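Below, each chain spelled out in residue letters.
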Amino acid sequence: MNFLRGVMGGQPTGPQPTGAETIQKLCDRVASSTLLEDRRDAVRALKSLSKKYRVEVGNMAMDHLVRILQTDRSDTEILGYALDTLYNIICNDEEEEPEENQQKQEDDLGAQFTDKFVQETENVTLLLTLLEEFDFHVRWPGVKLLTALLKNQCAQVQGIILVSPMGVSRLMDLLADSREVIRNDGLLLLQQLTKGNAAIQKIVAFENAFERLLDIITEEGSSDGGIVVEDCLLLLLNLLKNNSSNQNFFKEGSYIQKMKPWFEVGDDNSGWSAQKVTNLHLMLQLVRVMVSPVNSPGATASCQKAMFQCGLLQQLCTILMATGVPADILTETINTVSEVIRGSEVNQDYFASVNAPSNPPRPAIVVLLMSMVNERQPFVLRCAVLYCFQCFLYKNHKGQGEIVATLLPSTIDANSISAGQLLCGGLFSADSLSNWCAAVALAHALQDNLTQKEQLLRVQLATSLGKPPVSLLQQCTNILSQGSRVQTKVGLLMLLCTWISNCPIAVMHFLHNQDNVPFLTGQISENLGEDERLVQGLCALLLGICIYYNDNSLENYTKEKLKQLIEKRIGKENFVEKLGFITKHELYSRAAQKPQPAFSTPEHMLFDHEFTKLVKELEGMITKAVLKSSEEEKKEEEVKKTLEQHDSIVTQYKELIREQDSQINELKEQVTLLTSQNEKMQSTMTQQLSQIQQHKDQYNILKLKLGKDNQQTGNQAEAAHVNGLQPEELSQLREQLEELQRQNQLLQTQLGEKDSLITSLKAEGVPSAEGSTSGVTVIQREVELLKAQLQKQTAEITQLQSERQELLRGSDTTAAVPGDNSLYTEKIAELESRLSAQTAENQKLKAEVQTLLESQESMEKDFASASSTAAIMQAEKSKLQQEVQESKKEQDDLLMLLADQDQKILSLKQRLKDLGETIEDEDDLDSKDQFDDDDDDEEDEEECDE
């Protein structure tokens, strides 16, 4: 572009500038112009050239455009031009459909310019800040630019936004924008932002995203809405898929209940637009995300419960049985219902009660099974029905029993079609896919259910007229031997392996047919093609199950004989190799990934998910069982018995240890309780001691204070008595004092008598407990000495008796010699005399011991009576002492009164002397004698107290 041409207005002379030169001039103008209008025009010109000269503008103008965003924040128009220019540089145009190489070059350019832009993290932060601008010309291009950056470099831009303060919150504000174009592009932005980043997903969810998205879906018409509903559902899928935290938040927020109106389709299902099909498909996927088998069992169970309680499951079953529903929606609905009821007893029971709106009504299970065994139905629909049937029977022993019961003779109804009849029909039809689906469905009716495995042995089939019926087990083996297709053989072998595994009765029934074992060994030993190797592996698995779960009830097919047969006709190594073909198959690993059957073509339907678990469990055990010899088995049995014994011993010790642990815990609790009680008692005792000390201190203080008060009171009373007593009162007081002295003397006499009695008893050794005890102890010592002497005498007597016996034996042996005989006779006589003396002494000692024992008993009796007497005397003594104390107290009071009286008399005599009256000396003498007597009485009382 030639700007001089616009200024001069003339025709250009000379060569025209190239695009790069023009862009360079515009960049210089943006960098150097001081006027905002000039910079704005230059940026607008760059925007117009940015699509045609994308590389040149990106290389030369990006830094200038970023600087414009930083410096010209006040002008929204130039900001909008700069953002649009950056968007054109970074975004890969998807409107046209260029060639493959051109598209690849554009993608590389977008990634290259995105790397250059986000290399400076401040650029992304600046862009987040500009999004707060409400002006449409700034906010909308900013949203588009950030979306393009996320498409090209998602992880790097996510990291920058995650660490940016309030970065995610600013983007969440876009959903509240009143302008629909910004809100809708904000949805696309959040879709790119939440891809594969759990942290951002959690932040977006806690920014109230669920509430806003559900409101937008409702406003836009739910399943009848347009592309905006689809965008909201895609964003919800991003937030919930593989994010247990958001799933729990969605459930706890009662958002599952808000999903129910999505599936309220009308009766007229003829007009299903493509957008409605897409929306409903995404809604069903959203339900499946919440109850997916890969989620934790607890979370899945709680979501299943919520879906049943709010009526969502009922609504899905309504769609399931409705007419005019598109095939893909019906298929996805069946898959959704499958996972909603999988492992949930309540939901499974409800599904069993659902009836199709037909005349007469038929159970939904029967209607679905009719579609499964119908070869004209779409392949994906048949797979979905099989998955639904498997989920209905998953951990559902009640449902398994109901399905097997429809095959038993007593429950067959000729007027109606049952699930068992449909399964048998599919099992023996000409369509190999129906054979496989029916075999797998019937195997799920036996999964982990020993009772139904035994019940199914009762099923009899009528093959043709005039022939006896055959069992279902025999008919399955007959079809195998007739050379069916590989898919049919695989399905029947999976059914047989599931049926007889962990069921010795079924193994016995299978081996009872003489043709089964030769057929299996023949299949395994043949050299067949690549397609038949899987069949050989399954035959090896079936034969291995017959060995491992064999109870040796059939003499011809015991464990040992079957292993010998394998060794002779197949070879142990060859058998193990054929068994290993199962897990090496490529379709085995695909089926083991998830429960839902997901196959691209019907020919790929060979393995069932639950059967892969059974193979994984049995392969190692069968290999060991086949390779082991009989001696090793015996050793293993011995080892098992030993281990069982050890286990029992260990169990006993564990129980003992548990008991001891419980006792120890109880004792620890008791110790803790006693320790706490002890601490409380210690603290209480400390408090009480402190309180006692305080009381003692207070008592001492009060005592000192009381003494002072008594002294003052005594002085006042003395003055009153001196001033107020008469001679008659003094005589009465003297008489009372004399009476109290006589009583005191009497009490002293009684106390002396008691003391003398106690002293006499002590002298006899009876009243005193210590004396009596010492006397008894002396007697006991004498008895012990006599007993020792008695034992010593007894030992000597025993020794003498033994010597006598020896001498008697010696005398018998030497009776032929007269001299020796006389010598023995003398010794015997001597010993007998000593023996008699010792015996007498022993009798004497016994008599003495008896006498001492009697004496001891009498002394103990005396001691007991003396103790009681002493206790009585002690009580009387305490009583007398108390009376003496009371008398002493009264005497002290009288003495105080006499002292006051004498003092008064002396003062009166002194007054008489002062008045010149004559005073007789006898009164003085009497008073003196009286005071002396009082002093003597006080000394006697003190001695008595001592």
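About the thresholds
- Residues numbered from 1 in each chain as written.
- Predicted model: local features only at pLDDT ≥ 70, side-chain atom pairs only at ≥ 80, totals over all residues.
- Heavy atoms only, no water.
- Helix = DSSP H or I, 4+ residues; strand = E, 2+ residues; numbered from the N terminus.
- Buried < 20%, exposed > 50% of the residue type's maximum accessible area, 1.4 Å probe, protein only.
- Contact = heavy atoms within 4.5 Å.
- Areas by Shrake-Rupley, 256 points an atom, 1.4 Å probe, with all protein chains shown as cover.
- Expected span 1.5 Å × (residues − 1).
- Polar contact = N/O pair within 3.5 Å; in protein donor to acceptor, adjacent residues only side chain to side chain.
- Phe/Tyr/Trp six-rings, centres within 6.5 Å; stacked < 30°, edge-to-face > 60°.
- Lys NZ or Arg CZ within 6 Å of the ring centre and 35° of its normal.
- Axes fitted to C-alpha atoms, helices over the stretch in contact; angles between N-to-C directions.
- Parallel < 35°, antiparallel > 145°, perpendicular 65-115°, else oblique.
- Nonpolar A, V, L, I, M, F, W, Y, C, P; charged D, E, K, R; others polar.
- Patch = residues over 30% accessible without salt bridge, like charges linked within 9 Å, V, L, I, M, F, W, Y side chains within 5 Å.
- Salt bridge = Lys/Arg side-chain N within 4 Å of Asp/Glu carboxyl O.
- Lys, Arg positive; Asp, Glu negative; His and termini not counted.
- Charge placed at Lys NZ, Arg CZ, Asp CG, Glu CD.
- Core = buried A, V, L, I, M, F, W, Y, C linked by side-chain atoms within 4.5 Å.
- Disulfide = S-S within 2.5 Å.
- pLDDT = per-residue confidence, 0-100.
- Left-handed = near helix turned anticlockwise from the far one by under 90°.

A few points about the overall build of the chain
Each helix and strand in the chain was counted, giving 39 helices and 4 strands. Sorting the 946 residues of the chain into buried and exposed places 41% on the buried side. Sequence-distant contacts, at least 24 apart, represent 71% of the contacts inside the chain between residues at least 6 apart. Of the roughly 52,200 Å² of accessible surface on the chain, 50% is carried by carbon and sulfur atoms.

Details of helix 8 (residues 136–152)
Residues spaced three or four apart along an α-helix face the same direction, because each turn holds 3.6 residues. For helix 8, built from 17 residues, the straight-helix expectation of 24 Å at 1.5 Å per residue is met to within 8% by its first-to-last C-alpha distance of 24 Å. One side-chain oxygen of the residue at the start of helix 8 lies 2.9 Å from the amide nitrogen of His137, identifying that residue as Asp135.

Looking at the side chain of Ser223
With respect to the helices and strands, Ser223 occurs in the loop between helix 12 (198–219) and helix 13 (227–240). With near-sequence residues (within four places) excluded, Ser223 lies in contact with Trp262, Lys276, Asn279, Leu280 and Met283.

Re the packing of aromatic side chains
Two measures describe an aromatic ring pair: the distance that separates the ring centres and the angle between the ring planes. Using the criterion set out here, one finds 11 aromatic pairs in the structure. A ring pair is formed by Phe136 and Trp140, whose centres lie 5.4 Å apart and whose planes are at 25°; its orientation type is stacked. Of this pair, Phe136 and Trp140 both sit in helix 8, 4 residues apart, which is roughly one turn of the helix. A relative accessible area of 26% means that Trp140 is categorised as partly exposed. With centroids separated by 5.0 Å and ring planes inclined at 85°, the aromatic side chains of Tyr548 and Tyr549 adopt a geometry described as edge-to-face. For Tyr548, a relative accessible area of 31% puts it in the partly exposed group. Across from the ring centre of Phe134, 3.9 Å away, lies the NZ or CZ of Arg179, which sits over that ring. Across from the ring centre of Trp272, 4.5 Å away, lies the NZ or CZ of Lys276, which sits over that ring.

Notes on the packing of helix 18 (residues 327–341) against helix 19 (residues 345–353)
Taken N-terminus to C-terminus, the directions of helix 18 and helix 19 make an angle of 135°; their axes are 8 Å apart at the nearest point. As judged from the angle between their axes, helix 18 and helix 19 are oblique. Across from Val337, Val340 and Ile341 in helix 18, the residues of helix 19 making contact are Asn347, Gln348 and Phe351. Taken together, the residues of the contact of helix 18 with helix 19 sort by class into 4 nonpolar, 2 polar and no charged.

Some words on a negative patch on the surface
A contiguous patch of negative charge, built from Glu886, Glu890, Asp892 and Asp893, is present on the exposed surface. Topologically, Glu890 is positioned in helix 38 (residues 818–915). Taking the relative accessible area as the measure of exposure, Glu890 reaches 40% and is therefore partly exposed.

Overview of the environment of Val535
Mapped onto the elements of the fold, Val535 is located in helix 30 (residues 533–548). As for Val535 and Ile582, which are separated by 47 residues in sequence, their C-alpha atoms are 8.7 Å apart. Among all residues touching Val535, those that are not within four sequence positions of it are Val486, Lys489, Val490, Leu493 and Gln523.

Quick look at the environment of Leu534
The topology assignment puts Leu534 in helix 30. Residue classification places Leu534 among the buried residues on the basis of a relative accessible area of 3%. Taking C-alpha positions, Leu534 is 7.8 Å from Val490, a pair spaced 44 residues apart along the chain. The contacts of Leu534, once residues within four sequence positions are left out, are Val490, Ile582, His585, Leu606 and Phe607.

Regarding a nonpolar patch on the surface
A cluster of nonpolar side chains, Ile649, Tyr653, Leu656 and Ile657, forms an exposed patch at the surface whose accessible area comes to about 380 Å². Classification of Ile657 as partly exposed rests on a relative accessible area of 43%.

Some thoughts on the nonpolar core
Core analysis: the largest hydrophobic core is formed by 208 residues, its most contacted members being Leu146, Leu171, Trp262, Phe263, Phe351, Trp499 and Leu541. Examining the composition of this core, we find that 12 residues originate from one element, helix 21 (residues 379–393), more than from any other. In contact with Leu146, not counting residues within four places along its chain, are Val124, Leu127, Leu128, Leu131, Val157, Ile161, Leu171 and Leu189.

Description of the pattern of salt bridges
This model, assessed by the stated rule, comprises 17 salt bridges. Across the salt bridge formed by Lys47 and Asp84, the nearest N and O atoms sit 3.4 Å from each other. Note that Lys47 is positioned in helix 3 (residues 36–49) and Asp84 in helix 5 (residues 76–90), a separation of 37 residues in sequence. On the basis of relative accessibility, which here comes to 30%, the residue Lys47 falls in the partly exposed class. Glu332 is the salt-bridge partner of Arg288, the closest N and O atoms lying 3.0 Å from each other. Taken together, the positions of Arg288 in helix 15 (residues 274–290) and Glu332 in helix 18 put the pair 44 residues apart, joining distant regions of the chain.

Remarks on unusual backbone geometry
The phi dihedral of Asn208 is positive, around 70°, even though this residue is not glycine. Here Asn208 lies in helix 12. Look at Asn208 and you get partly exposed, because its relative accessible area is 39%. Of note, Asp448 is a non-glycine position whose phi angle comes to about 55°, a positive value. Within the fold, Asp448 resides in the loop between helix 24 (432–444) and helix 25 (450–456).

Looking at the state of the cysteines
Scanning the entire structure with this criterion turns up 0 disulfides. Sulfur of Cys424: no disulfide; nearest cysteine sulfur belongs to Cys476 and is 8.3 Å away.

With respect to helix 5
The end-to-end C-alpha separation of helix 5 is 21 Å, in line with the 21 Å expected for 15 residues at 1.5 Å each. For helix 5, a buried count of 12 out of 15 residues is recorded, marking the element as mostly surrounded by other parts of the structure. Listed in full, the buried residues belonging to helix 5 are Ile78, Leu79, Gly80, Tyr81, Ala82, Leu83, Asp84, Thr85, Leu86, Asn88, Ile89 and Ile90.

Focus on the side chain of Thr521
On the secondary structure map, Thr521 appears in helix 29 (residues 516–525). On the accessibility criterion, Thr521 (3% relative accessible area) is buried. Setting aside residues no more than four positions away along its own chain, Thr521 makes contact with Leu543, Leu565, Arg569 and Ile570.

What about the environment of Phe263?
Mapped onto the elements, Phe263 comes out in the loop between helix 14 (244–252) and helix 15. Spatially, the C-alpha atom of Phe263 lies 7.8 Å from that of Ile319, the residues being 56 residues apart in sequence. If we skip the residues at most four places from it in the chain, Phe263 touches Leu280, Met283, Leu284, Val287, Leu312, Gln315, Leu316 and Ile319.

Thoughts on the confidence of the model for the chain
This prediction gives the chain a mean pLDDT of 81; 78% of its residues lie at or above 70. Low pLDDT (under 50) marks residues 811–821, which in the prediction has 4 contacts with non-local residues, meaning those over four places away or in another chain. For the stretch residues 939–946, pLDDT sits under 50, and the model shows 10 contacts to residues farther than four places along the chain or on other chains.

Section: the packing of helix 17 (residues 312–321) against helix 19
To characterise two packed helices, one gives the angle between the axes of the helices and the distance between these axes. Contact geometry of helix 17 with helix 19 gives a least axis separation of 11 Å together with a crossing angle of 35°. For helix 17 against helix 19, the interelement crossing comes out right-handed. For the pair formed by helix 17 and helix 19, the contact residues are Leu313, Gln314, Cys317 and Leu320 on the first element and Asn347, Tyr350 and Phe351 on the second. A class-by-class count of the residues in the contact of helix 17 with helix 19 yields 5 nonpolar, 2 polar and no charged.

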